[in-house]
Amino acid sequence: MLATIIKTVFGSRNDRLIKAYSRIVSQISALEPTIVTLSDEELKEKTSFFKSEIDKGRTLESIKIEAFAVCREAANRTLQMRHFDVQLIGGMALFDGKISEMRTGEGKTLVATLPAYLSALSGRGVHIVTVNDYLAKRDAEWMGKIFKFLGLSVGVTVSGMNQQEKKEAYKCDITYGTNNEFGFDYLRDNMVTDCDQKVQRDLFFAIVDEVDSILIDEARTPLIISGQSDDQVDLYNKLNDIPMNLKKQEVEEGEGDYFIDEKGRQINLSDSGFERAENLLEEKGLLDSGQSLYDPSNIALLHHLVAALKAHNLFEKDQHYVIQNNSVVIVDEFTGRLMPGRRWSEGIHQAIEAKESVQIESENQTLASITFQNYFRMYENLSGMTGTADTEAFEFKQIYDLETLIVPTHKPMVRKDHQDQIYRSVEEKFEAVVFDIKERHSKGQPVLVGTTSIENSEQLSSHLMDSKVKHQVLNAKQHEMEADIVAQAGRPGMVTIATNMAGRGTDIVLGGNITSLMKAIEEEKTIKPSEQKVKIDKLKSDWMLENKKVIEAGGLHIIGTERHESRRIDNQLRGRAGRQGDPGSSRFYLAMDDSLLRIFAGEKMKTIMDKLGVPKGEPIEAGMVSRSIESAQRKVENRNFDIRKQLLEFDNVSNEQRKILYQQRKEVLESESLEELVSSLRKGSISSCVRQFIPQDSMEEQWNLKDLSESLRQYGLDLNLKEIVEEKVELNDEELSDLICGEADVLYKKKLQ
């Protein structure tokens, strides 16, 4: 009650921050009349002036207002894009180490230029992190024009670059790249044998685009550099047919050999399942008669058996993976993108390769690894931006100490979000989706359909083909074309089916995106400038007509064919419509058979349907139902948060060891002389050895000098300790330890001579 009263009187913290930033925006705008009058050269010279001021002791905070005004003007001159006031607010939040939640189409890519320019003036390097190589290259080229105009260097680090190219990219004031590439470069830098082979500088400031995707969705996936290990590849093939000979339990403790825990994604063998599996393994000659799978010598066999069961029951082709060039390629569950090069651990990948009869590659052993959580927490300053962070604000604060600021939109949001419609079966759901698409397609309204898997997108595509509706399918199989397809998804009557958030980072402009067409005309050398202008003007006038048609038809309509387990992913799909005050609408179509409803809300929903007496083909559409689904999503989100938190707690232990090892490695590589370090390690090792036989603060009678003398021979020390102790009457345990270490120092110096 008290919190509500305080919020009503003083406003929420978000409101207070927006007000404070708005006052600074007024100060930035007040400088605009002066900045506008500067020539290009004078504007460029501002960068040198700011750097000299920093050298004199001024802080970045003290030059923020003027630097933002300069960056805003540079963007206007180079890209004809002037930062809106709300974009300045977003930029300040990023500079202050916060997460800026900005709706789709609000220009997050442009927002990042403000804090990046300001922080780069320190000369310590700024990393702008994107979700894929395409966006890294696109943004470096696109926004790089602003930075280069202002005299800063811009680099991009992508996979496939050689060491020298990477070194040059990291030397730049601002470096664009993917989260994977930054993380792997860090690990590779800590595996080099010479300081000159390192490519990264110290981790100073990172701006993470689509921060929720990188710091939350990918947080459970560690970055691993691995090497080949000895593995029994043929064992996967031998065990591949065993799951087909075991019976699945419909309910836990029911009749059968194994139970599938869909919530925890685990397989549990029953007692009868163990017996049956042991008999099958004996028949194959993989288990000796009378032996148990629980015997220590058979642990590896049990591990392979469970991997085979998981491969056959928990991993579906065209949903979790695809077959490409005779190999298994993982599909990202959040974006629907292919992840070549990534492999599941614990033998799962090999078991799936056996299941699909493709070449089985050896299991790898880890040489270096780090989670995104621990990598990004190493930056001195970290910030991020996304269209959907508010639902995960607690996790961002608790794990990364990042506060979330919801930035208001430049124009009011007018998108209509319709209630979910729930059907009894998937067939009824797809019939309703096709009907909705046909109706809107006939009006010339563009439709973007989001699916949760490749299989679903292809199933829906076949339904539309049967109905003779022209459409584009965008899933992980057309990764290269995704940006172009998504960019044109706003054209009149266009129907686009996309897996989840495919094309994330690419705006859907109503009427279609003509930027690439205009660029192609401008780069055409054979056309005169006057002819280029005529062509571009024609292109613009045609686009205005198309844009008007789409707006009159109701803007972009979003259809979700299934709820994702995270509300945030659903919000991202909805957020593709209604950009920059455009009209738009959205609706989710669900079925009782959808995995989320089946696992978490199935019984509740069926009871509601039965009570209401809903006939076949008729949907339920009620706020109570939508709230029930959101409750199910919250359960999954909480469970996933607990998993990520637990993973972090485990990784923190290895992370501390990693830091110590990498720091020591760095000292070894950078030291001109290792004598001091070697001396310290030698003393530590010998002291540890001494303490095994001479406890601290012990009496002489407790000393085991005979076994200590024997143990010291491993260091090349042949000492008669009994004689030494008899000669030195007042010798205590500390002095004896120091004496032995001194003898070791003498021996080491002799070896050096």
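Shown above is the structure to which this text applies.
Residues numbered from 1 in each chain as written. Predicted model: local features only at pLDDT ≥ 70, side-chain atom pairs only at ≥ 80, totals over all residues. Heavy atoms only, no water.

1. What about the side chain of Thr371?
In step 1: Structurally, the position occupied by Thr371 is in the loop between strand E12 (364-370) and helix H17 (372-376).
In step 2: Using a relative accessible area of 2% as the deciding quantity, one classes Thr371 as buried.
In step 3: Polar contacts involving the side chain of Thr371 include one to the side chain of Asp651, which spans 3.0 Å.
In step 4: Ignoring any residue separated from it by four or fewer positions in sequence, one finds Thr371 in contact with Ala219, Pro222, Leu647 and Asp651. (Helix = DSSP H or I, 4+ residues; strand = E, 2+ residues; numbered from the N terminus. Buried < 20%, exposed > 50% of the residue type's maximum accessible area, 1.4 Å probe, protein only. Polar contact = N/O pair within 3.5 Å; in protein donor to acceptor, adjacent residues only side chain to side chain. Contact = heavy atoms within 4.5 Å.)

2. Observations concerning the environment of Val636
In step 1: Note on placement: Val636 falls in helix H26 (residues 623-670).
In step 2: Accessibility expressed as a relative area gives 1% for Val636, which makes it buried.

3. Points about the pattern of salt bridges
In step 1: In total, this model carries 50 salt bridges according to the counting rule given.
In step 2: Note that Arg58 and Glu53 form a salt bridge whose closest N and O atoms lie 3.3 Å from each other.
In step 3: Here the residues in one salt-bridge network are Arg415, Asp417, Asp420, Arg563, Asp570 and Arg574, joined through shared partners. (Salt bridge = Lys/Arg side-chain N within 4 Å of Asp/Glu carboxyl O.)

4. Quick word on the packing of aromatic side chains
In step 1: The final tally for this structure, using the stated rule, is 13 aromatic pairs.
In step 2: Measuring from centroid to centroid gives 5.9 Å for Phe376 and Tyr379, while their planes differ by 15°, and the two rings are stacked.
In step 3: You can call Phe376 buried: its relative accessible area is 0%.
In step 4: Overall, the relative accessible area of 5% leaves Tyr379 in the buried class.
In step 5: Pairing Phe394 with Phe641 gives two aromatic rings, centres 5.8 Å apart and planes at 75°, and the pair type is edge-to-face. With a gap of 247 residues between them, Phe394 in helix H18 (residues 393-400) and Phe641 in helix H26 connect regions that are remote in the sequence.
In step 6: On the accessibility criterion, Phe641 (12% relative accessible area) is buried.
In step 7: Taken together, the ring pairs connect Tyr186, Phe372, Tyr375, Phe376, Tyr379 and Tyr662 into an aromatic cluster. (Phe/Tyr/Trp six-rings, centres within 6.5 Å; stacked < 30°, edge-to-face > 60°.)

5. Brief notes about the packing of helix H27 (residues 675-693) against helix H30 (residues 733-752)
A packed helix pair is summarised by two numbers, namely the angle formed by the two axes and the spacing between the axes.
In step 1: Here H27 crosses H30 at 135°, and the two axes come no closer than 10 Å. Judged by the inter-axis angle, H27 sits oblique to H30. Like other packed secondary-structure pairs, H27 and H30 cross with a definite hand, here right-handed. Along the contact surface, H27 presents Glu675, Val678, Ser679, Arg682, Lys683, Ile686, Ser687, Val690 and Arg691, while H30 presents Asp733, Glu734, Ser737, Asp738, Ile740, Cys741, Ala744, Asp745, Tyr748 and Lys749.
In step 2: Grouping the amino acids of the contact of H27 with H30 by side-chain chemistry returns 7 nonpolar, 3 polar and 9 charged. (Axes fitted to C-alpha atoms, helices over the stretch in contact; angles between N-to-C directions. Parallel < 35°, antiparallel > 145°, perpendicular 65-115°, else oblique. Left-handed = near helix turned anticlockwise from the far one by under 90°. Nonpolar A, V, L, I, M, F, W, Y, C, P; charged D, E, K, R; others polar.)

6. Observations concerning unusual backbone geometry
In step 1: Of note in the backbone geometry, Glu210 takes a positive phi value of approximately 50° without being a glycine.
In step 2: Of the residues examined, Glu210 reaches a relative accessible area of 7% and is grouped as buried.
In step 3: In this structure, Lys468 is a non-glycine residue whose phi angle is positive, near 55°.
In step 4: Inspection of the secondary structure puts Lys468 in the loop between helix H20 (454-466) and strand E18 (472-474).
In step 5: You can call Lys468 exposed: its relative accessible area is 75%.

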